[in-house]
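These are the residues of each chain, in order.
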Amino acid sequence: MKSEPESFSIDDLKKRPNKTEPWDGVRNYQARNFMRDQMQVGDQVFFYHSNCDVPGIYGLAEIASTAYPDPTQFIENHHHYDATAKPEEPRWMLVDVRYLRHLKKPISLNLLKEHVEKLQGCPLIMKGNRLSVMPIRPEHWKAILALE
DNA sequence: GCCAACGTTGGC
DNA sequence: GCCAACGTTGGC
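Residues numbered from 1 in each chain as written. Chains lettered and ligands numbered in written order. Predicted model: local features only at pLDDT ≥ 70, side-chain atom pairs only at ≥ 80, totals over all residues. Heavy atoms only, no water.

Going by the annotation in an unreviewed UniProt entry, the name recorded for chain A is Thymocyte nuclear protein 1, with Rotaria magnacalcarata given as the source organism. Annotation of chain A in UniProt includes, under Function (unreviewed entry), the sentence "Specifically binds 5-hydroxymethylcytosine (5hmC), suggesting that it acts as a specific reader of 5hmC." Recorded under Subcellular location (unreviewed entry), the UniProt text for chain A is reproduced unchanged: "Nucleus". (UniProt positions renumbered as here; feature names shortened; annotations may be inferred.)

**Q** Hey, could you run me through helix α4 (residues 138-145) in this one?
**A** Since the α-helix turns once every 3.6 residues, residues separated by three or four places project in the same direction. Among the residues of α4, His140, Trp141, Ala143 and Ile144 are the ones counted as buried. Mapping the buried residues of α4 onto a view down its axis gives an arc of 170°, with all of them on the same face. The outward face of α4, more than 90 degrees from its buried face, is lined by the exposed residues Pro138 and Lys142. (Buried < 20%, exposed > 50% of the residue type's maximum accessible area, 1.4 Å probe, protein only. Helix = DSSP H or I, 4+ residues; strand = E, 2+ residues; numbered from the N terminus. Arc of directions from axis to C-beta.)

**Q** Just to check I follow, could you spell out the protein's contact with DNA strand C for this structure?
**A** Around DNA strand C, the surrounding shell consists of Lys2, Tyr48, Ser50, Asn51, Pro55, Leu109, Lys113, Arg130 and Leu131. The share of sugar and phosphate among atoms of DNA strand C within 4 Å of the protein is 68%. Within the backbone of Asn51, one N or O atom sits 3.0 Å away from a phosphate oxygen of DNA strand C. Between DNA strand C and the protein, one listed contact pairs a phosphate oxygen with a side-chain N or O atom of Lys113 at 2.6 Å. Taken together, the residues of the surface near DNA strand C break down into 4 nonpolar, 2 polar and 3 charged. (Near = heavy atom within 4 Å. Polar contact = N/O pair within 3.5 Å; in protein donor to acceptor, adjacent residues only side chain to side chain. Nonpolar A, V, L, I, M, F, W, Y, C, P; charged D, E, K, R; others polar.)

**Q** Explain the pairing of strand β4 (residues 56-63) here, please?
**A** Along β4, 8 of the 8 residues are buried, which leaves the element largely enclosed by surrounding structure. When strand β3 (residues 44-49) meets β4, the two strands line up antiparallel, connected through 6 bridges. Bridged to Phe47 within β4 is Gly59. Bridge count for β4 against strand β7 (residues 96-108) is 7 bridges, and the pairing is antiparallel. Following the sheet pairing, Glu62 is matched in β7 by Arg98. (Pairing = 2+ DSSP bridges.)

Now the structure itself:
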């Protein structure tokens, strides 16, 4: 799961009550579907910092709830307001995310790219990929964590 | 700040 | 259904 650290970083997540935060603001259908259809409580997550000095994975989190409607879609004037969404027919979903730990050493995108051969097909290092939520296959998860 | 790589919108 | 225009993401 990606976030711009200037708006919400893994340090911010750690400081939250229960170290947990609703992952609101996702407005991409594919990303929504991953949260809605595939995420289960206890699933582990890489916390990725995008659009920053050193993009990469900075820590681990876990899914703390199954998907439910993103309340920000109903709030007029909110940055993530969606006039086409109605409470009886919500369009956008989110999950709660709980902090687990920082990586001993962040795994930069640069470092990930040095290990393409082990990460064949991993969406993280694929060009043009802009998804903010994406599934990581178990073998990729292991290979990435081994870089810590 | 630039720009490639998308995704969305809306006219036709 | 096609596609041009536009908006967004995110690395660099």
